[in-house]
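Survey of secondary and tertiary structure
Residue strings, one per chain:
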Amino acid sequence: MAINKILCACGSGLGSSLMVHMNTEEALKKLGRPDIEVDHSTISDINPEAADLFVVGGDLADFVTNVPDEKKIVLKNILDKDELEAKLREHLG
């Protein structure tokens, strides 16, 4: 699956999703994929067609059950950049 857009989401679409958005862009640069578009929003904006990959914190995993597992990353710790980078690497191949 080609990944062209990643959507990071949290409850309000402002705090943690913005932080994960910035960390995702940083990780993508490290992985040599700065061409992938990254955005952030509220969890209510998530639908399987909104992006190619979704990133959410573990506390919101129940809210993305409509998204196939291969299209989502659920973080145990949204502050852990190493976890995010490792999971992105798995999805990017």
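Below is a summary of the structure that appears in this document.

1. What about the overall build of the chain?
Across its full length, the chain carries two helices and four strands. Secondary structure elements of the chain occur, N-terminal to C-terminal, as β-α-β-β-β-α. If you line up the chain on its principal axes, its C-alpha atoms span 30 × 25 × 20 Å. In the chain, which comprises 93 residues, the proportion classed as buried is 41%. Long-range contacts, defined as pairs at least 24 residues apart, comprise 55% of the intrachain contacts of the chain with a sequence gap of at least 6. Accessible surface computed for the chain: about 5,100 Å², of which carbon and sulfur atoms make up 50%.

2. A few points about the side chain of Glu85
Residue position: Glu85 is located in helix α2 (residues 81–92). At 3.4 Å, the side chain of Glu85 and the side chain of Lys30 are in polar contact. Once residues within four sequence positions are removed from consideration, Glu85 is found in contact with Ala27, Lys30 and Leu31.

3. With respect to the state of the cysteines
Scanning the model with the defined rule gives zero disulfides in all. In this structure Cys8 is not part of a disulfide, and its nearest cysteine sulfur, from Cys10, lies 9.6 Å away. Judged by relative accessible area, Cys10 falls into the buried class, the value being 4%.

4. Considerations on the environment of Ala2
By the element assignment, Ala2 lies in the segment before β1 (5–10). Each C-alpha atom of the pair Ala2 and Pro48 lies 14 Å from the other, and the pair is 46 residues apart in sequence.

5. A closer look at α2
With twelve residues, α2 extends 16 Å between its outermost C-alpha atoms, agreeing within 8% with the 16 Å of an ideal straight helix rising 1.5 Å per residue. Among all positions in α2, only Glu83, Leu84, Glu85 and Leu88 are buried. On its buried face, α2 sits against β1, α1 (16–30), β3 (53–57) and β4 (72–75). The N-capping residue of α2, defined by a side-chain oxygen 3.0 Å from the backbone nitrogen of Asp82, is Asp80. Phi turns positive, to about 85 degrees, at Gly93, one or two residues after α2.

How each quantity is defined
Residues numbered from 1 in each chain as written. Predicted model: local features only at pLDDT ≥ 70, side-chain atom pairs only at ≥ 80, totals over all residues. Heavy atoms only, no water. Helix = DSSP H or I, 4+ residues; strand = E, 2+ residues; numbered from the N terminus. Buried < 20%, exposed > 50% of the residue type's maximum accessible area, 1.4 Å probe, protein only. Contact = heavy atoms within 4.5 Å. Areas by Shrake-Rupley, 256 points an atom, 1.4 Å probe, with all protein chains shown as cover. Polar contact = N/O pair within 3.5 Å; in protein donor to acceptor, adjacent residues only side chain to side chain. Disulfide = S-S within 2.5 Å. Expected span 1.5 Å × (residues − 1).

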